[in-house]
Amino acid sequence: MASKYSQITAHSILLLGTLLIMVPIWIVFASSTHDSITIATKGMQFGLGDNFLNNYRNVLFERGGFSKEVTFLRLISNSLVMAFGIATLTVITSLLAAYTIVYFKIKLATTYFWLIFTTLLVPLEVRIFPSYAIVSELNLTNTYAGLILPLLASSIATFFFRQFYKTIPEELLEAAKIDGVNSWKFFIDFLMPLSKTMIIAIFIFMFVYGYNQYLWPILVTSTEDYWTVIMGMKIMFMRTSIGSFSYIILSIIPPILVVIFLQRWFVRGLLYSGK
Amino acid sequence: MKKVQFNSNLSPFLFIAPQLVIILIFLYWPIIQTFTDAFTSQDPFGFSKTFVWFDNFELVITDPAYLRSFKFTLIYIFVITLVTGSLGLLLAVQANSVIHGKSAYKTLLIWPYAIAPAVVGVTANYFFSERLGLLYSFFNDLWGFNWMNSVSDAYIYVMIAGSWKQISANFIFFLAGLQNIEKSLIEASLIDCKSSFRRFWTVTFPLLMPTTFFLIIINITYAFFDTLGIIDTTTIGAPSGETKTLVYKAYIDGFRGLDLGSSGAQSIIMMIIVLVITIFQFRFIERKVHYN
């Protein structure tokens, strides 16, 4: 099927694509190993320097921010709490909501359905100031709940789970009903194992989404204790010896690890639904 | 909905309640508030509000700065969707055809998906900085590139920054779509059509239509909303507001300008755009279900 010639073409195109993706990040990494004077006078670097340890130690341990108290580790743990919270809670609430919509005979099913799906694509950015007003009215500014809850108000995951449940054969529930399985047991013992791939795919999607939030943490946090690593980036560079390149490299590691380690499920989960 | 269902009154309500409550408080309440803002005018001290009908909307759509931003957003969405979609498809087709190294390419191409737009922007800022930037000096040598003064150069800057990471998402979804096509269909087409180029456009690509359509929606929403972090860390709208997306402009007008009426009206216009996209998407999905 594949001639030698077409294989060579395919590999060349893929190599070019890989270079397009890898070269910028390599330059950032190489630059992160040089001292700040080299960067300031000679620009970004292709080759490795000898300041790796020093630069990364500075990022990890030097205090910064307006108060000169906040550390990188604090920021990254806030980001992880936010990302993990958003991913886990989205999976739980959406699984349950989709389950109700697909598997229950309830009077308000259609109303729920439209309530949830008319706002499928209304992102936080479009309702950002009113959301801020509500969060501060509920006294949730500078809390993890304030960082997390408004980002759970999205039905995209529910939509994906619903699409997936609809592909599960009717016979599964018929058989379960004959065996006298109640609705909670059916959900836990039958649907959850079947949804494993989808759950992981949605988890990765929401983890990356939560970790990478920029605008919302800027608005909702005023004390540095709740800053996240992405929104705090610019402020941490000010008035410190923290190198921006080493900061960038360290800050992108957690979501990249999640995506690379779970990519098998991510792609498979998308196969069920991503069409 | 399933034909066989559970009959119960309390438990389904408990199952749906968490999401329903969150959506009512953090989605519907702010949306209602946005409408209130859009149709009222607030005095400078925030003490009183007056109902002003469509005044805010009129001010917004007659503002040349808004129209500039509208034009830029349309071009931005179009270019990002087209560039990242075609590059992603090209790479996915190649990755699907190679015998060796498929999973290595997959790993190497998948991870920019995980990088925050704001981080991409901060990084792009260095590549395009006048003093140190590699891309700045590269383009500057070619035609005197200067994004701080030239609108078209600023467009190039934010388009490169906006496209880079999104190639990944397109690649992942197209590859998943290609792997999902039945092998027998492709094998059958091998007999009928010798040219692999024609085979791709007449057999494989039509089978990829659902994925393509899905990706168009993904790319539109990315270029529309997620690029806020990129604009805010690169041009901030430079030269003079020409590279503000609609979302970024609504944010700046509300945050810096404290003009909630205008920001609200801008948000409503965006919601209408998004609603049209949603309806479009639903019609497509429902049609697909019929085919199945």
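Model, not experiment: these values are computed from the prediction.

Colleague: Tell me about the overall build of chain A, and name the residues and values.
Modeller: Across its full length, chain A holds 15 helices and zero strands. Overall size of chain A, expressed as C-alpha extent along the three principal axes, is 75 × 65 × 30 Å. Looking at chain A as a whole, 45% of its 275 residues are labelled buried. Here the analysis covers contacts within chain A between residues at least 6 apart in sequence; of these, 73% occur between residues at least 24 apart.

Colleague: So what's going on with the overall build of chain B? Which residues, and what values?
Modeller: Tallying secondary structure elements over chain B gives 14 helices and two strands in all. Projected onto its principal axes, the C-alpha positions of chain B cover 75 × 70 × 30 Å. Within chain B, buried positions represent 41% of all 292 residues. When contacts within chain B are restricted to residue pairs at least 6 apart in sequence, long-range pairs at least 24 apart make up 69% of them.

Colleague: Let's hear about the domain arrangement of chain B: which residues, and what values?
Modeller: Residues and elements named next belong to chain B. Domain assignment breaks chain B into domain 1 (10-51) and domain 2 (64-291). Counting residues at the interface gives seven residues for domain 1 and six residues for domain 2. Every element with two or more residues in the side of domain 1 that touches domain 2 is listed here: helix 1 (10-39) and strand 1 (40-42). For the side of domain 1 that touches domain 2, the element with the most residues is helix 1, which contributes four residues. Taken together, the residues of the side of domain 1 that touches domain 2 sort by class into two nonpolar, four polar and one charged.

Colleague: Describe helix 8 (residues 166-180) of chain B, listing the residues and the values that go with them.
Modeller: All names here are of chain B. In a regular helix each residue adds 1.5 Å, so 15 residues correspond to 21 Å; helix 8 covers 22 Å between its end C-alpha atoms and thus fits that length. For helix 8, a buried count of 11 out of 15 residues is recorded, marking the element as mostly surrounded by other parts of the structure. Taken residue by residue, helix 8 has Q166, I167, S168, N170, F171, I172, F173, F174, L175, A176 and G177 as its buried positions.

Colleague: How would you sum up the domain arrangement of chain A? Please name residues and give values.
Modeller: Each assigned domain of chain A is listed with its residue range as follows: domain 1 (1-49) and domain 2 (75-232 + 255-273). Placing the centre of domain 1 of chain A and that of domain 2 of chain A at their C-alpha centroids yields a distance of 35 Å.

Colleague: Go over the confidence of the model for chain B, please, and point to the residues and values.
Modeller: Residue-level pLDDT values for chain B average 87, and 94% of them are 70 or greater. The complex model carries a pTM of 0.91, and its ipTM stands at 0.90.

Colleague: Which residues make up the nonpolar core, and what values go with them?
Modeller: Within the largest apolar cluster, 143 residues are counted, with the highest numbers of intra-cluster contacts made by Y99 and I202 of chain A together with V119 and V247 of chain B. Considering every element that reaches this core, the biggest residue donor is helix 4 (residues 72-103) of chain A, with 16 residues. With residues up to four places along the chain from it excluded, the contact list for I202 of chain A reads T90, V91, A157 and F160 of chain A. With six residues, the next largest nonpolar core counts A38, V60, Y66 and A265 of chain B among its residues.

Colleague: Go over the interface of chain B and chain A with me, naming the residues and quoting the values.
Modeller: With 74 residues of chain B in contact, the opposing surface of chain A contributes 73 residues. Per element, the largest residue contribution to the side of chain B that touches chain A is 17 residues, and it comes from helix 1 of chain B.

Colleague: So what's going on with the environment of S183 of chain A? Residues and values would help.
Modeller: Residues and elements named next belong to chain A. Inspection of the secondary structure assignment puts S183 in helix 10 (residues 183-194). For S183, a count of 21 C-beta atoms within 10 Å gives the class buried. A C-alpha to C-alpha distance of 9.6 Å links S183 and L173, two positions 10 residues apart in sequence.

Colleague: Run through the packing of helix 1 (residues 4-31) of chain A against helix 3 (residues 64-97) of chain B, naming residues and quoting values.
Modeller: Their axes nearest at 9 Å, the elements helix 1 of chain A and helix 3 of chain B cross at an angle of 130°. Taken as axis vectors, helix 1 of chain A and helix 3 of chain B run oblique relative to one another. Between helix 1 of chain A and helix 3 of chain B lies a crossing of left-handed hand. Of the residues in helix 3 of chain B, those touching helix 1 of chain A at A10, I13, L14 and G17 of chain A are L90, L91, Q94, A95 and S97 of chain B. When grouped by side-chain class, the residues that make up the contact of helix 1 of chain A with helix 3 of chain B number six nonpolar, three polar and no charged.

Colleague: Could you give an account of the confidence of the model for chain A, naming the residues involved and the relevant values?
Modeller: The predicted coordinates ought not to be read in detail in places where the model reports low pLDDT. Taken residue by residue, chain A gives an average pLDDT of 88. The fraction at 70 or more is 96%. Looking at the elements of chain A, mean pLDDT is at its lowest for helix 15 (residues 263-273) of chain A, recorded as 73, and at its highest for helix 7 (residues 144-152) of chain A, recorded as 95.

Colleague: Kindly report on the environment of V91 of chain A, identifying the contributing residues and their values.
Modeller: All names here are of chain A. Relative to the assigned elements, V91 resides in helix 4. Counting along the chain gives 109 residues from V91 to I200, while the straight-line C-alpha distance between them is 8.9 Å. Among residues more than four places away in sequence, those in contact with V91 are A157, I199, I202 and F203.

Colleague: Talk me through the environment of E224 of chain A; I want residue IDs and the actual numbers.
Modeller: Residues and elements named next belong to chain A. As for its position among the elements, E224 is in the loop between helix 12 (215-220) and helix 13 (233-237). Overall, E224 belongs to the buried group, with 21 C-beta atoms counted inside 10 Å. Considering only alpha carbons, one finds E224 and F104, 120 residues apart in sequence, at a separation of 46 Å. Apart from residues no more than four positions distant in its own chain, E224 is found in contact with G65, F66, S67, E69 and V70.

The rules behind these values
Residues numbered from 1 in each chain as written. Chains lettered and ligands numbered in written order. Predicted model: local features only at pLDDT ≥ 70, side-chain atom pairs only at ≥ 80, totals over all residues. Helix = DSSP H or I, 4+ residues; strand = E, 2+ residues; numbered from the N terminus. Buried ≥ 20, exposed ≤ 12 C-beta atoms within 10 Å, placed from the backbone. Contact = placed C-beta atoms within 7 Å. Domains from an automatic or database assignment. Nonpolar A, V, L, I, M, F, W, Y, C, P; charged D, E, K, R; others polar. Expected span 1.5 Å × (residues − 1). pLDDT = per-residue confidence, 0-100. Core = buried A, V, L, I, M, F, W, Y, C linked by C-beta atoms within 7 Å. Axes fitted to C-alpha atoms, helices over the stretch in contact; angles between N-to-C directions. Parallel < 35°, antiparallel > 145°, perpendicular 65-115°, else oblique. Left-handed = near helix turned anticlockwise from the far one by under 90°.

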